[in-house]
Amino acid sequence: MSKLIVALLFYAVDRRHVFKKQYELTKEGLMNYKNLLFITYFLSTGTFAASNYATVELTHLEPIKNESTWLRDKQFMPRYPVELAMKGISGCGIFKVVVDENGSTESVTLKRSIPKKVIAKPATKVIKDWDWTLANGKSPIREEKLLRLDFCMGGKTEEESISRCKQQAAMACK
């Protein structure tokens, strides 16, 4: 499949020169050229997406998970924001999350991230959707948390993607 995409892309680029030379191009010819470029783009992104996994790694920085008053209700990995996945963006973000005494997310603030500021909006939407449950033996109080989310893309299998994300989470997020 990838050889076909490369062949179509080379053909489209080659034909572009022909179209440029013939300034008085018919509408039909221009539409054919645009359709060829669209098909090439569509096929290439579909192939890329089919062989590229995205993973999110959550790390409790302060307080650590065992000392937290509030824990996420559903303890599965957060979803990868669609806006980031569509743009192929990976990186990390450190967020200050305030959970009120009722277990609702009061606020989410980006402290730092790589790439700068790109992760803030989509990650904040993900975090605000979380439900919080009171940890065993804890009194319901307002809690400030420092959480790190790593958004990782890459890997031909889900296991490879998770492994890469764990490696990324061990690096600094400045």
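This section reports on the structure supplied with the text. Per chain, the residues get numbers from 1 upward, laid out in the order the sequence is written. Given that this is a predicted model, residues contribute local features only at a pLDDT of at least 70 and side-chain atom pairs are listed and counted only at 80 or more, while totals for whole chains, interfaces and linings are drawn from all residues. Excluded from the side-chain calculation are hydrogens and water; included are all heavy atoms of the structure.

**A short note on the packing of aromatic side chains**
In this description, an aromatic ring pair is defined by two values, namely the gap between the centres and the angle between the planes. Paired rings are identified among Phe, Tyr and Trp, the last through its six-membered ring, by centres lying within 6.5 Å, and are further divided according to the angle between planes into stacked (under 30 degrees), edge-to-face (over 60) and tilted (the rest). All told, the structure shown has one aromatic pair when counted by the stated rule. Relative to Trp132, the ring of Trp130 lies with its centre 5.8 Å away and its plane at 70 degrees, an arrangement referred to as edge-to-face. Remark: exposure states derive from per-residue accessible area (1.4 Å probe, protein chains only) relative to the maximum for the residue type, with buried under 20%, exposed over 50%, and partly exposed in between. Judged by relative accessible area, Trp132 falls into the buried class, the value being 8%. The residue whose ring lies beneath Arg72 is Trp130, and the NZ or CZ to ring-centre distance is 4.5 Å. In this scheme, the term charge over a ring applies when either NZ of a lysine or CZ of an arginine sits within 6 Å of the ring centre and within 35 degrees of the ring normal.

**Considering the sheet that holds strand β3 (residues 91-99)**
Paired through backbone hydrogen bonds, the strands of a sheet run either parallel or antiparallel to each other. DSSP-based pairing: two strands are paired if at least 2 bridges between them are found. Here a strand is any run of E in DSSP of at least two residues, a helix any run of H or I of at least four, and the numbering for each starts at the N terminus. Taken in spatial order, the four strands of this open sheet run β1-β6-β3-β4, and their pairing is antiparallel. Looking at the sheet topology across the chains shown, the edges are occupied by β1 (54-62) and β4 (105-114). The sheet shows a mean angle of 25 degrees between the axes of neighbouring strands, taken without regard to direction. The sheet contact formed by β3 and β4 spans eight bridges and is antiparallel. By the bridge assignment for β4, Val98 is matched with Ser107. The contact rule is simple, with two residues in contact once any of their heavy atoms fall within 4.5 Å. Fitted lines through C-alpha atoms give the axes, limited to the stretch in contact for helices. The angle between two N-to-C directions lies from 0 to 180 degrees. Sitting on the sheet, helix α4 (residues 120-128) touches β3, β4 and β6 (143-153), and the angle it makes with β4 is about 145 degrees.

**Focus: the state of the cysteines**
Cysteine sulfurs are considered disulfide-paired once they come within 2.5 Å of each other. The final tally for this structure, using the stated rule, is two disulfides. The disulfide bridge from Cys92 ends at Cys173, spanning 2.1 Å between sulfur atoms. Where Cys92 bonds to Cys173 through sulfur, the torsion about that S-S bond is close to 110 degrees, and the disulfide is right-handed. Of this pair, Cys92 sits in strand β3 while Cys173 is found in the segment after α5 (158-169), placing the two residues 81 residues apart along the sequence. Considered together, Cys92 and Cys173 belong to a single accessibility category, that of buried residues. Shown here is the disulfide that connects Cys152 with Cys165, its sulfur atoms set 2.1 Å apart. Negative torsions about the S-S bond denote left-handed disulfides, and the value of about 70 degrees found for Cys152 with Cys165 makes this one right-handed. Note that Cys152 is positioned in strand β6 and Cys165 in helix α5, a separation of 13 residues in sequence. Ordering the disulfide-forming cysteines of the protein by sequence position, one finds them joined as 1-4, 2-3.

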